[in-house]
Every structure is written in C-alpha cells, then in structure tokens.
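# Architecture and fold: a report
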Amino acid sequence: MDDCLFCKMVSGEIKPDLVYETDQVIAFRDINPQAPLHALVIPRQHIATVNDAVPADAALLGQMVLAAQHIAKQEGYAKPGYRLVMNCNADAGQTVFHIHLHLLAGRQLGWPPG
Ligand code: AMP
Ligand code: ZN
C-alpha cells in the first residue's frame, strides 16, 4: 500500500525506532508513548483493520502476540505486567489503518480503558 505509513516503515522508506523484528513482523516505539514502554507490533503484510483479517492470517496474528511477549520479557515487564491492545475502526480510535498491536507497560494501567 503506497500511502500507508506503516507499510513505509516495513519497506524502510521511514525509519522507525525498531525494538524487534522477525521475517513476519516488526515492532517499534510509538511516537506518542502512553506508558514507559509503548511499542507497536505490526505485520509486514498490509491488513487494514482486524475486520480484514481472514483465517489464513491466524498464524500471523499469533506471531504478533508472541513478538509482544518477547519484547515485554526483553524489557523486563513480563512479571510486573503489560497490556496488549488492538483498536478497530472509529469507536476504538484507530488512526493508522495497518493493523498494529499496542504493547503498554511500566505503569499501573486503568480499567476499564477510556
Ligand atoms: P491507533 O490509534 O490504534 O491507530 O494507533 C496508532 C498509533 O500509531 C498511535 O499510538 C500513534 O502515536 C502511533 N504513530 C503514529 N505515527 C507514528 C510514527 N511515525 N511512528 C511511531 N508511531 C506512530
Ligand atoms: Zn500498510
């Protein structure tokens, strides 16, 4: 997708602050962090929203969660805890239409979320 910000990060046209990558996903620090650790895990493949995922994407979606688990461990947040969030469409506040898993850690997170 030519006009997709996160596809440009995958291609290297825009350089994110990378924290982890595999052959299927990359992860980088959020530009507007909401917690001491705020990383975004994205698939290299463009999927616009969670609504657009299909059964063939199941392993990829699982790899996103495992990447977040790896980063949380790597940064020392496995035991204190962390939150994984995927926003879908307007009511959830999705602003970038290439799916991404938010990894938030390093402070007490409120529930329910706003
Ligand atoms: P969402 O609201 O779930 O679509 O989340 C999009 C996230 O992307 C927000 O937390 C933004 O701060 C983050 N974001 C937007 N542009 C960039 C960028 N250039 N580098 C890193 N994170 C970004
Ligand atoms: Zn994209």
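Relevant structure appears above.
Residues numbered from 1 in each chain as written. Chains lettered and ligands numbered in written order. Predicted model: local features only at pLDDT ≥ 70, side-chain atom pairs only at ≥ 80, totals over all residues. Heavy atoms only, no water.

### Some details on the site of ligand 1
In plain terms, the rule: Proximity is defined per residue: any heavy atom of the residue falling within 4 Å of a molecule or strand makes that residue near it. For this analysis, a polar contact is any N or O atom pair within 3.5 Å, provided that within protein one partner can donate a hydrogen and the other can accept it, and provided that sequence-adjacent residues contribute only side-chain to side-chain pairs. Residue burial considers only the protein chains on display, and all accessible areas are found by Shrake-Rupley using a 1.4 Å probe. A 1.4 Å probe that fits into a set of points on a 1 Å grid over the protein atoms alone but cannot get out defines a cavity; an open set with protein on both sides within 12 Å along at least five of seven lines defines a pocket, and lining residues are those with an atom within 4 Å of a point. Those molecules having more than half of their atoms within 2 Å of a cavity or pocket grid point set are described as sitting in that cavity or pocket. Segments assigned H or I by DSSP are reported as helices when at least four residues long, segments assigned E as strands when at least two residues long, and all are numbered from the N terminus.
Residues in close proximity to ligand 1 total 16 residues, the closest being Asp 30, Asn 87, Thr 95, His 100 and His 102. Backbone polar atom of Ile 31 to a nitrogen atom of ligand 1: 3.1 Å apart, as the coordinates give it. Between ligand 1 and His 100 there is a distance of 2.9 Å, counted from an oxygen atom to a side-chain nitrogen or oxygen. Look at ligand 1: alone it shows 510 Å² of surface, and the protein chains cover 81% of it. Put simply, ligand 1 lies in the second largest pocket. Every element with two or more residues in the shell around ligand 1 is listed here: helix H1 (5–11) and strand E2 (25–29). Per-element accounting of the shell around ligand 1 gives the leading share, 3 residues, to H1.

### Notes on the pairing of strand E3 (residues 37–43)
For the record, the criterion: Buried residues are those whose accessible area, probed at 1.4 Å on protein chains only, stays under 20% of the maximum for their type, while exposed residues exceed 50% and partly exposed ones sit between those limits. Think of it this way: DSSP has to see at least two bridges between two strands before they count as a pair.
Buried residues dominate E3, accounting for 7 of its 7 residues. On E3, burial covers both faces: Leu 37, Ala 39, Val 41 and Pro 43 on one face and His 38, Leu 40 and Ile 42 on the other are all buried. Here 5 bridges tie E2 to E3, and the two strands are oriented antiparallel to one another. Across the sheet, residue Ala 27 finds its bridge partner in E3, namely Val 41.

### Digging into the sheet that holds strand E1 (residues 18–21)
Threshold: Note on definitions: angles span 0 to 180 degrees between N-to-C directions of axes, and those axes are lines fitted to C-alpha atoms, for helices only across the stretch in contact. Contacts are assigned to residue pairs that have any heavy atoms within 4.5 Å of one another.
Strand order in the open sheet formed by 5 strands is E1-E2-E3-E5-E4, and the pairing between neighbours is antiparallel. Only two strands of the sheet have a single neighbouring strand rather than two, namely E1 and strand E4 (82–85). Recorded for the sheet is a direction-independent mean angle of 20 degrees between the axes of neighbouring strands. Bridge analysis of E3 against strand E5 (residues 101–105) gives 5 bridges, and the strand direction is antiparallel. Among the inter-strand pairings, Val 41 is bridged to a residue of E5, identified as Leu 101. With respect to the sheet, helix H2 (residues 58–74) is in contact with E1, E2, E3, E4 and E5, its orientation differing from that of E3 by roughly 155 degrees.

### Thoughts on the coordination of the zinc ion (ligand 2)
Stated precisely, the cut-off is as follows: Atoms are scored as donors when they are N, O or S and lie within 2.8 Å of the metal, with 3.2 Å used for Na, K and Ca; no water is included, so coordination may look incomplete.
Summarising the metal site, the zinc ion (ligand 2) is bound by the protein donors Cys 4 (SG), Cys 7 (SG), His 46 (ND1) and His 98 (ND1), whose distances to it range over 2.0 to 2.3 Å. In the primary structure, the donors to the zinc ion (ligand 2) are separated according to the pattern C-x2-C-x38-H-x51-H. Here His 98 lies in the loop between helix H3 (89–92) and E5 and His 46 lies in the loop between E3 and H2, a separation of 52 residues in the sequence. Judged by relative accessible area, His 46 falls into the partly exposed class, the value being 24%.

On their own, these measurements won't tell you what the molecule is for.
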